[in-house]
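One letter stands for each residue in the lines below.
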Amino acid sequence: MGVMSKQTVNLGIVQETLLIPLWSRAVEASQPEPILYDAKAKEIVSQLDYDFDKFQAAKSTQVMMCIRGKAIDELTQHFIQQNPQSTIVEIGAGLDTRFERLDNGQLYWFDLDLPDAIAVRKHFFEENGRRHFISGSVLEPEWINQVKQNCPNSPKLFIAEGVLLYFTEEQVKTLLAILAQEFPGSYLVFDAASPFIIKNRRSYEAVKHTSAKFQWGIKNIKDIEAWDSRYKIIASRYIWHFPEFRKRFSFNARLLMAILPPLTRSYAVHLASICTNAD
C-alpha cells in the first residue's frame with residue numbers, strides 16, 4: 001500500500017501567510033495547557049507539502065497568533081450567545097477552523113477568501129446548508145448579494161483576522177465603507193497594529209520567511225471613528241494583556257515589553273459596531 005501524497009500548496013504572496021496561524025494552532029495543540037486547542041489544524045499541517053520547519057524558531061509569533069485567535073473567539077462567542085441565529089462572515093478565512101470551534105448548530109457562516117486560498121480550503125473543509133465558501137476579494141461587490149440573499153435579516157458579525165495588516169490604508173477605508181453601506185447595524189472584529197510594528201515587519205519571526213509586506217498601521221484605533229462616524233470601537237483586547245500567557249513569549253520579547261511599555265499596546269483585537277446612520 002503506497003504512502004498517501006501530501007497536498008501541494010500554491011498560494012499568492014499574501015495568501016501564503018495564512019499558513020502561519022495554521023502552523024501556530026497546530027503547534028499549540030501539543031502544548032500541555034493550550035491557549036486554544038485545534039486538532040484540525042494539526043491534521044491539516046501533517047497533510048500539506050510545505051516547509052513548516054522554517055517557522056520553528058518563531059516562538060513569540062506562535063504564541064501571539066494563538067492569543068489573537070483566542071481573543072477573537074471570545075468576542076465572537078459573546079456575539080453568538082447574544083445572537084444565536086446570527087450570520088458570521090470570515091474575511092480572509094484561509095484555513096481557519098473557527099466554525100468548528102464555535103458553531104452552535106444555528107449559525108449561518110461564510111468563509112470568504114481569494115480563489116487560491118478557497119481552493120486549498122476545499123481540500124480540508126466541506127460546505128453544508130449553513131456553511132458556505134465564497135471565492136473572491138472582499139473589496140469587490142460580488143460576495144455581498146450572496147450573504148444578503150441567504151441571510152437578509154439576521155444579525156451579522158464580520159471577522160478579519162490577520163487581513164487588514166496587508167491592506168493599504170485606502171483599502172481599509174474602502175472595506176469599512178462597504179460594510180457600513182451594505183450591512184448597517186452589523187459588527188466587525190479585526191486586529192490592528194501600530195505603525196511601529198508595520199515598519200519593523202522584518203522582526204516578525206514568522207512573516208519574515210514569506211515575501212508578504214505589512215502595510216497598514218494605526219496609532220490610535222479611535223481614529224477609525226473619525227474616518228467614518230458610523231463606526232464605534234466598543235472593545236479592545238491587547239495581545240500582551242493576557243498575563244496568564246506572558247511566560248510563553250521569548251525572553252527577548254518580554255524584555256522589550258519591559259523596556260518599552262508603549263509596545264504592550266501596539267497590537268490588539270478590536271470590536272467595532274457599525275451604526276445604521278452617521279448620527
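The rules behind these values
Residues numbered from 1 in each chain as written. Predicted model: local features only at pLDDT ≥ 70, side-chain atom pairs only at ≥ 80, totals over all residues. Heavy atoms only, no water. Helix = DSSP H or I, 4+ residues; strand = E, 2+ residues; numbered from the N terminus. Rg over C-alpha atoms; globule rule 2.2 N^0.38 Å. Buried < 20%, exposed > 50% of the residue type's maximum accessible area, 1.4 Å probe, protein only. Areas by Shrake-Rupley, 256 points an atom, 1.4 Å probe, with all protein chains shown as cover. Salt bridge = Lys/Arg side-chain N within 4 Å of Asp/Glu carboxyl O. Pairing = 2+ DSSP bridges. Axes fitted to C-alpha atoms, helices over the stretch in contact; angles between N-to-C directions. Contact = heavy atoms within 4.5 Å. 1 Å grid on protein atoms, 1.4 Å probe; cavity = no way out; pocket = protein on both sides within 12 Å on 5 of 7 lines; lining within 4 Å. Points joined across faces, edges and corners; volume = space filled by probe spheres on them. Nonpolar A, V, L, I, M, F, W, Y, C, P; charged D, E, K, R; others polar. Patch = residues over 30% accessible without salt bridge, like charges linked within 9 Å, V, L, I, M, F, W, Y side chains within 5 Å. Core = buried A, V, L, I, M, F, W, Y, C linked by side-chain atoms within 4.5 Å.

*Asks:* I'd like a rundown of the overall build of the protein, residues and numbers included.
*Replies:* From N to C terminus, the protein includes 10 helices and 9 strands. Whereas a compact globule of 279 residues would reach a radius of gyration of roughly 19 Å, the protein reaches 18 Å, a difference of no more than 12%. Dimensions of the protein along its principal axes, counting C-alpha atoms only, are 55 × 50 × 35 Å. Taking all 279 residues of the protein together, the buried fraction comes to 53%. Carbon and sulfur atoms make up 51% of the accessible area of the protein, which amounts to about 13100 Å² in all.

*Asks:* Can you tell me about the pattern of salt bridges, naming the residues and giving the values?
*Replies:* Going through the model one piece at a time under the given rule, you end up with 22 salt bridges. Between R25 and D96 there is a salt bridge; the shortest N-O distance is 3.5 Å. With R25 in helix α1 (residues 19-28) and D96 in the loop between β3 (87-91) and α4 (98-102), the pair connects residues that are 71 residues apart, well separated along the chain. When the shortest N-O distance is used, the salt bridge between D103 and R130 registers 2.8 Å. Within this pair, whereas D103 is found in the loop between α4 and β4 (108-113), its partner R130 is found in the loop between α5 (115-121) and β5 (131-135), the two being separated by 27 residues in sequence. Counted as one network, the salt bridges with shared partners bring together R25, D38, R68, D73, E90, D96, R98, R101, E161 and D191.

*Asks:* Describe the sheet that holds β4, listing the residues and the values that go with them.
*Replies:* Spatially, β5-β4-β3-β6-β7-β9-β8 is the arrangement adopted by the 7 strands of the open sheet, whose pairing is mixed. Two strands bound the open sheet, and with one partner strand each, they are β5 and β8 (231-238). Between one strand axis and the next, the sheet turns through 20° on average, direction left out of account. Here β8 runs beside strand β9 (residues 267-274); their pairing, made up of 7 bridges, is antiparallel. Residue pairing for β9: Y238 is matched across the bridge by A268. Against the sheet, helix α6 (residues 142-150) touches β3, β4, β5 and β6 (156-160), its axis set at about 165° to β5. Sheet contacts for helix α7 (residues 169-182): β3, β6, β7 (187-193), β8 and β9; angle to β8, the most-contacted strand, approximately 120°.

*Asks:* Requested: an account of the layout of surface pockets, with residues and values cited.
*Replies:* To find leftover empty space, one rolls a probe the size of a water molecule over the atoms. Approximately 650 Å³ is the volume found for the largest pocket. Along its surface, the largest pocket is lined by 36 residues, and V14, G92, G162, V163 and Y166 are the ones closest to its centre. Looking at the lining of the largest pocket, the elements with two or more residues in it are α1, α3 (59-82), β3 and β4. Top contributing element to the lining of the largest pocket by residue count: α1, with 4 residues. Of the residues belonging to the lining of the largest pocket, the class tally is 20 nonpolar, 9 polar and 7 charged.

*Asks:* Before we move on, could you go through a nonpolar patch on the surface and cite the residues and values that matter?
*Replies:* Together, F251, L255, L256, I259 and L260 make up a nonpolar patch on the protein surface, roughly 490 Å² of accessible area in all. Mapped onto the elements of the fold, I259 is located in helix α10 (residues 251-259).

*Asks:* Can you tell me about the nonpolar core, naming the residues and giving the values?
*Replies:* Residues L19, L22, F52 and L95 are the most contacted members of the largest nonpolar core, which totals 59 residues. For this core, the element with the highest residue contribution is α3, accounting for 10 residues. What L95 contacts, discounting residues up to four positions off in sequence, is L18, L19, L22, R25, I44, L48, V120, R121, F124 and F125.

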